[in-house]
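Descriptive analysis of the structure
The primary structure of each chain is shown beneath.
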Amino acid sequence: DGRKRNTESVSQDDIKFINVIETVIHKDESNLFVVPLPVKERPQLPVNRQEAIKGFKALEKRFSSERKCREDYRQLMMKLIEAKETELVRSECNEAPGQVWYLSHFGTYHPRTSEKTRVVFDCLTKYFGLSMNECLLTGPGKMNKIDGIPGKFRKKKLSFNVKSILHGFKISDADRNFLRLICW
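To start, this report covers the structure provided alongside it. (Residues numbered from 1 in each chain as written. Predicted model: local features only at pLDDT ≥ 70, side-chain atom pairs only at ≥ 80, totals over all residues. Heavy atoms only, no water.)

**Re the nonpolar core**
- Formed by 13 residues in total, the largest nonpolar core has its most connected members in Leu59, Phe63, Tyr73, Met77, Tyr102 and Ile182.
- Residue assignment for this core shows that the elements contributing at least two residues are helix H2 (49-65) and helix H3 (67-82).
- Apart from residues lying up to four places away in sequence, Phe63 is in contact with Cys69, Arg70, Tyr73 and Trp184.
- Counting 11 residues, the second-largest nonpolar core is a separate cluster that includes Leu37, Leu45, Leu103 and Cys123. (Core = buried A, V, L, I, M, F, W, Y, C linked by side-chain atoms within 4.5 Å. Buried < 20%, exposed > 50% of the residue type's maximum accessible area, 1.4 Å probe, protein only. Helix = DSSP H or I, 4+ residues; strand = E, 2+ residues; numbered from the N terminus. Contact = heavy atoms within 4.5 Å.)

Here's what the structure looks like:
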């Protein structure tokens, strides 16, 4: 009938990812979407706290010569804590092997403006040959072709604030320990 058919196969990981999206995500009492990490299987990661401390010390060393970047970064991290998008964890908190992962992070300025600081949470950093990214499902690669999305929004006259959409999610309690940070 002239329409293109999607001839690409869907992997078992794609099906698992779609199942998480359709069955596990829910809204909590504060109207936020509660999202689990879309893991391939429950990860058994080594506790990488010492590696994360080493990475944070390197970040602090960089900040010693870039004071403005340090202050901007610190303020941004404090805003994340105040907005309850990040929570403080006591250092004596449970660090059971396989149940905790510390993300590397660093600051950078937005490429179009040197005034806006961004925090990059690095899920690619490896420790004993493992990274958080390797534990996560990627989801279907071509469910929506990016080049067609803007046209769809123009047709339906929809608009939205991407930043506010991203702030409408939180990670499920069971998965928060896999996204820990070392900070001041």
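**Observations regarding the sheet that holds strand E1 (residues 26-27)**
- Taken together, the three strands give an open sheet; going across it, the order is E1-E2-E5, and neighbouring strands pair in mixed fashion. The two strands at the open ends of the sheet, each matched to only one other strand, are E1 and strand E5 (169-171).
- Where strand E2 (residues 33-35) and E5 come together, three bridges link them in parallel fashion. Bridge pairing in E5 places Phe33 opposite Phe169. (Pairing = 2+ DSSP bridges.)

**What about the side chain of Asp175?**
- By the secondary structure assignment, Asp175 is in the segment after E5.
- Residue class for Asp175 comes out buried when judged on its relative accessible area of 2%.
- A polar atom in the side chain of Asp175 sits 2.7 Å from the side chain of Arg42.
- Apart from residues lying up to four places away in sequence, Asp175 is in contact with Pro36, Leu37 and Arg42. (Polar contact = N/O pair within 3.5 Å; in protein donor to acceptor, adjacent residues only side chain to side chain.)

**A look at the pattern of salt bridges**
- A complete count under the given rule lists eight salt bridges for this structure.
- Between Lys170 and Asp28 there is a salt bridge, with the nearest N and O atoms lying 2.9 Å from each other. Here Asp28 lies in the loop between E1 and E2 and Lys170 lies in strand E5, a separation of 142 residues in the sequence.
- Residue classification places Asp28 among the buried positions, given a relative accessible area of 12%. (Salt bridge = Lys/Arg side-chain N within 4 Å of Asp/Glu carboxyl O.)

**Remarks on empty space enclosed by the protein**
- Evaluation of the coordinates by the stated rule reveals one cavity of 30 Å³ or more.
- Here the largest cavity is characterised by a volume of approximately 60 Å³.
- If you go around the largest cavity, the residues you meet are Asn48, Glu51, Ala52, Trp101, Tyr102, Leu103, Ser104, Asp122, Thr125, Lys126 and Tyr127. (1 Å grid on protein atoms, 1.4 Å probe; cavity = no way out; pocket = protein on both sides within 12 Å on 5 of 7 lines; lining within 4 Å. Points joined across faces, edges and corners; volume = space filled by probe spheres on them.)

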